[in-house]
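Next come the chains, spelled out residue by residue.
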Amino acid sequence: MSEDIIDLSRRHVFGTWRIQKTWKPVNIVSAEGCYFTDSNGRRYLDFSSQLICINIGHGNKNIIDAIYQYMKRLQYLSPAFTCDVRAELSRMLLEIMPNNIVKFFYSTSGTEAVEAALKIARMYTRKHKVISRYKSYHGATAASISITGEWRRIPVEGYHTVPGTQFAPECYCYRCPFKLNYPSCGITCAEYIDYMLQHEDDVAAVIVEPVVGTNGVLVPPPEYLPRLREITREYNVLLIADEVMSGWLRTGEWFAVQHWRVEPDIITTAKGVTSGYLPLGVTGVSKEISDYFEEHLFAHGHTYEAHPVTLAAGIATINEYHKLGIKENVKKVGEYLGRRLRELEEKHPSIGEVRGLGLFWAVDLTKDRKTRKPMNNPKDKLYGKPIIVEKVASKAFEQGVFVIGWINNILVAPPLIAVREDIDKGVEALDEALKIADQEATP
Ligand SMILES: Cc1ncc(COP(=O)(O)O)c(C=O)c1O
């Protein structure tokens, strides 16, 4: 039976961002808390919260019940109407989002949240270009993939991309694109964007993941985002914070920009808003942008926007974040996770750096600690070359720990309800699995 499920899935469902013949999905039958179980009854620790989204953990009864209860009452509502959850979730978001964000567009994914942000930015500014950074992922559709700096854009470049993106170097101190050192660098990566804006015209927005997720949990130094805010204001360009992955207490604050008290003009989020239980994307905008559309056409919308059952899930999830003391847990367990990963760093020559914030960490591999040469480059993934972090992740999975390996980083991001024992179990598996990478590294 399970073989049928795997075989039918293999034949008729796309495995995404991969060459199909290498996809061997495991059949998962149930999940609870930080663990999920396969059809052979084997339990796995979810050390990457599935796709860094199941923040409250699997099987939360209150969220499930809220979804069920609302579904019984209202299964769908046209965007032309309103209902209690449309008002209530918006009110709750006002309390936790950066203060200047006052109005929301609700969609069904992070990609759509970004797509809406770009459209809003272009309608509001009547300008076209967007500055993004190379190490970024912003979504899979035409506009959002066009502003994605990493390898996923390359296969569709030109015929599925929207013109007008300029890429800037990222803020990545361990492998600084300018080969400088912090703090004597003077945050050249931010100043470079100032330089770009001196030379470019028609720029609507600069978009950043405040803490870069998919591309290796890049936490900027404290001056970076405030400086970017200054620069974007000076040139009258919008700042969009893409918090699809970094939002929802993942880094210890509701949204990562709040670590540095930065107020973006537009914020995008998804994933943790419903803890992944239902598909919901959110695009929040400032009062200035909101006011603009009082007199101008808001030319956007779709059938499933602000779907009431997804909004009910959002409300229940925010209530759970509060009730379960998630913020406090992220601080406490996050510090412990950082300590444990640093122990691994000391032990394994293949680890170049571990870095992170809250319960959002990356283990960044290197072939050689002196040169900091990565084990793999993004183009290795494009051209189907073996990826060492994928081998490390497979080995960890054999030991009952699911963790994501992307290009050159292992993304450690357990559900935000994790306790020390979960961290210990995950770190133990990584300790064993990293031996594979050590064989590729200069001792
Ligand atoms: C920063 C960021 N933006 C956008 C997206 C796209 O979100 P989704 O996969 O929900 O469409 C992601 C997905 O991981 C993301 O990390």
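Thresholds, definitions, all that
- Residues numbered from 1 in each chain as written.
- Predicted model: local features only at pLDDT ≥ 70, side-chain atom pairs only at ≥ 80, totals over all residues.
- Heavy atoms only, no water.
- Pairing = 2+ DSSP bridges.
- Helix = DSSP H or I, 4+ residues; strand = E, 2+ residues; numbered from the N terminus.
- Axes fitted to C-alpha atoms, helices over the stretch in contact; angles between N-to-C directions.
- Contact = heavy atoms within 4.5 Å.
- Domains from an automatic or database assignment.
- Buried area = accessible area lost by both parts, 1.4 Å probe.
- Salt bridge = Lys/Arg side-chain N within 4 Å of Asp/Glu carboxyl O.
- Polar contact = N/O pair within 3.5 Å; in protein donor to acceptor, adjacent residues only side chain to side chain.
- Near = heavy atom within 4 Å.
- Areas by Shrake-Rupley, 256 points an atom, 1.4 Å probe, with all protein chains shown as cover.
- Buried < 20%, exposed > 50% of the residue type's maximum accessible area, 1.4 Å probe, protein only.

## A look at the sheet that holds strand 11 (residues 351-357)
Inference 1: What the four strands build is an open sheet, ordered 11-12-15-14; its pairing is antiparallel. Either end of the sheet is taken by a strand with one partner, and the two such strands are strand 11 and strand 14 (404-406). Between one strand and the next, the sheet's axes are offset by a mean angle of 20°, whatever the strand orientation.
Inference 2: Pairing between strand 12 (residues 360-365) and strand 15 (residues 409-412): four bridges, direction antiparallel. The residue of strand 15 that forms the bridge with Asp-364 is Asn-409.
Inference 3: Contacting strand 11, strand 12 and strand 15, helix 11 (residues 326-347) crosses the sheet at an angle of about 175° to strand 11.
Inference 4: Contacts between helix 14 (residues 420-438) and the sheet are confined to strand 11, strand 12 and strand 15, with strand 15 contributing the most and set at about 170° to the helix.

## Points about the domain arrangement of the chain
Inference 1: Assigned domains of the chain: these are domain 1 (2-56 + 325-438) and domain 2 (62-323).
Inference 2: Between the C-alpha centres of domain 1 and domain 2 there is a distance of 25 Å.
Inference 3: With 40 residues of domain 1 at the contact, the number on the domain 2 side is 41 residues.
Inference 4: Interface area, domain 1 with domain 2, both sides summed: about 3200 Å², of which 63% is carbon and sulfur.
Inference 5: For the domain 1 face of the interface with domain 2, the top three residues by lost area are Trp-17, Ile-56 and Phe-360, together amounting to 22%.
Inference 6: Scanning the region where domain 1 abuts domain 2 turns up two salt bridges.
Inference 7: Of the charged contacts in the structure, one is a salt bridge between Asp-364 and Arg-175, with a shortest N-O distance of 2.9 Å.
Inference 8: Counting the contacts that link domain 1 with domain 2 gives 22 residue pairs in polar contact (both at pLDDT 80 or more).
Inference 9: Of all elements in the fold, only helix 2 (49-52), helix 11, strand 11, strand 12, helix 12 (378-382) and strand 15 reach the threshold of two or more residues within the side of domain 1 that touches domain 2.

## As for the site of the ligand
Inference 1: Contacts to the ligand come from Ser-109, Gly-110, Thr-111, Tyr-137, His-138, Gly-139, Glu-209, Thr-214, Asp-242, Val-244, Met-245 and Lys-271.
Inference 2: A distance of 2.8 Å is found between an oxygen atom of the ligand and a backbone nitrogen or oxygen belonging to Gly-110.
Inference 3: In the model, a nitrogen atom of the ligand is placed 3.4 Å from a nitrogen or oxygen of the Tyr-137 main chain.
Inference 4: Protein chains bury 84% of the 390 Å² of accessible surface belonging to the ligand in isolation.

## Considerations on the side chain of Ser-246
Inference 1: Tracing the chain through its elements places Ser-246 in the loop between strand 8 (238-242) and strand 9 (266-269).
Inference 2: Judged by relative accessible area, Ser-246 falls into the buried class, the value being 1%.
Inference 3: A polar contact is formed between the side chain of Ser-246 and the side chain of Glu-243, at a distance of 2.7 Å.

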